[in-house]
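So you can see what is in the structure, the chains are spelled out below.
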Amino acid sequence: TALAELPHDRVVLAAGARSADLWPGLPVRPVKGEILRLRQRPGVSPAPSRVIRARVHGRQVYLVPRADGIVVGATQYEAGFDTAVTVGGVRDLIADAEAILPGIAEYELAEANAGSRPGTPDNLPLLGALDDRVVAATGHGRNGMLTLALTATLVPGLLDDESPAIAEIASPQRFPALQLSPGGVR
């Protein structure tokens, strides 16, 4: 559906990595990320009690404790909308997690997933008016969960044509060389 066809006075464009499909020219691209869910087995080292963030071999990795184990994430590749889990991604995540928590090798590999995060040229989100009707709230990349509360706080003001100073850094208008066209399907 083209945004122009929606029967609403105001629209929030929050379509993640697909946002540019709805607003051609919007500088949002898919960035592939893979994560693992590891299940704790009897007799193995317990999961950490807090989130662990680290850098191993130049790669960011995080371990998030869950009731039944650990979530390990995440790879980051410029791979378009490819959501296949790769052997290399799984290997790197396990090796990086094991460097931080050596006992992790005894956990069960319960699940491996891949998805597309919305990235922008400067890796900052797009928050602000695209025209007098459409407000962008996209492009959060790998920090979407961390910036969700701030975005949810800012969007109602943006819909009321308020432009809080904190949102200025994320304004879509910071990309003046790009011709942002009215919303519609390509």
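Visitor: I'd like a rundown of the packing of aromatic side chains, residues and numbers included.
Guide: All told, the structure shown has zero aromatic pairs when counted by the stated rule. Arg18 extends its terminal NZ or CZ atom over the ring of Phe81, reaching a point 3.6 Å from the ring centre.

Visitor: Report on the pairing of strand E4 (residues 59–66), specifying residues and quantitative values.
Guide: Judged from the five bridges that link them, strand E3 (residues 52–56) and E4 form a sheet pairing that is antiparallel. By the bridge assignment for E4, Arg53 is matched with Tyr62. Hairpin connection, E3 to E4: the antiparallel pair is bridged by two residues, and His57 has positive phi, about 55°. The pairing of E4 with strand E5 (residues 69–73) spans five bridges and is antiparallel. When the sheet's bridge partners are listed, Leu63 is paired in E5 with Val72.

Visitor: If you had to explain helix H3 (residues 144–159) to someone new, which residues and values would you point to?
Guide: Of all the bends in H3, the largest measures some 35° and sits at Leu150. Residues of H3 that are buried: Thr151, Leu154, Val155, Gly157 and Leu158. On its buried side, H3 packs onto strand E1 (11–13), strand E7 (126–129), strand E8 (134–138) and helix H4 (165–168). Just past H3, the residue Asp161 takes up positive phi, approximately 65°.

Visitor: Lay out the sheet that holds E5 in plain terms, naming residues and giving numbers.
Guide: Across the sheet, which stays open at both edges, the five strands sit in the order E3-E4-E5-E2-E6 with antiparallel pairing between neighbours. Each edge of the open sheet carries a strand with a single partner, namely E3 and strand E6 (108–119). Averaged over neighbouring strand pairs, the angle between their axes works out to 20° when direction is ignored. Those strands touched by helix H2 (residues 87–100) are strand E2 (29–39), E3, E4, E5 and E6, and its axis lies near 75° from that of E4.

Visitor: Now, about the pattern of salt bridges: what can you tell me, with residues and values included?
Guide: For the coordinates displayed, the defined rule picks out eleven salt bridges. Residues Asp96 and Arg59 are paired through a salt bridge, measuring 2.7 Å at the closest nitrogen-oxygen approach. Of this pair, Asp96 sits in helix H2 while Arg59 is found in strand E4, placing the two residues 37 residues apart along the sequence. The partly exposed category is assigned to Arg59, whose relative accessible area is 31%.

Visitor: Please give an account of H2 that cites residues and values.
Guide: Its 14 residues place the ends of H2 20 Å apart at the C-alpha level, agreeing with the 20 Å of an ideal helix rising 1.5 Å per residue. Looking at the buried residues of H2, the elements they touch are E2, E3, E4, E5 and E6.

Cut-offs and rules
Residues numbered from 1 in each chain as written. Predicted model: local features only at pLDDT ≥ 70, side-chain atom pairs only at ≥ 80, totals over all residues. Heavy atoms only, no water. Phe/Tyr/Trp six-rings, centres within 6.5 Å; stacked < 30°, edge-to-face > 60°. Lys NZ or Arg CZ within 6 Å of the ring centre and 35° of its normal. Pairing = 2+ DSSP bridges. Helix = DSSP H or I, 4+ residues; strand = E, 2+ residues; numbered from the N terminus. Bend = angle between axes of the 7 residues up to and from the residue. Buried < 20%, exposed > 50% of the residue type's maximum accessible area, 1.4 Å probe, protein only. Contact = heavy atoms within 4.5 Å. Axes fitted to C-alpha atoms, helices over the stretch in contact; angles between N-to-C directions. Salt bridge = Lys/Arg side-chain N within 4 Å of Asp/Glu carboxyl O. Expected span 1.5 Å × (residues − 1).

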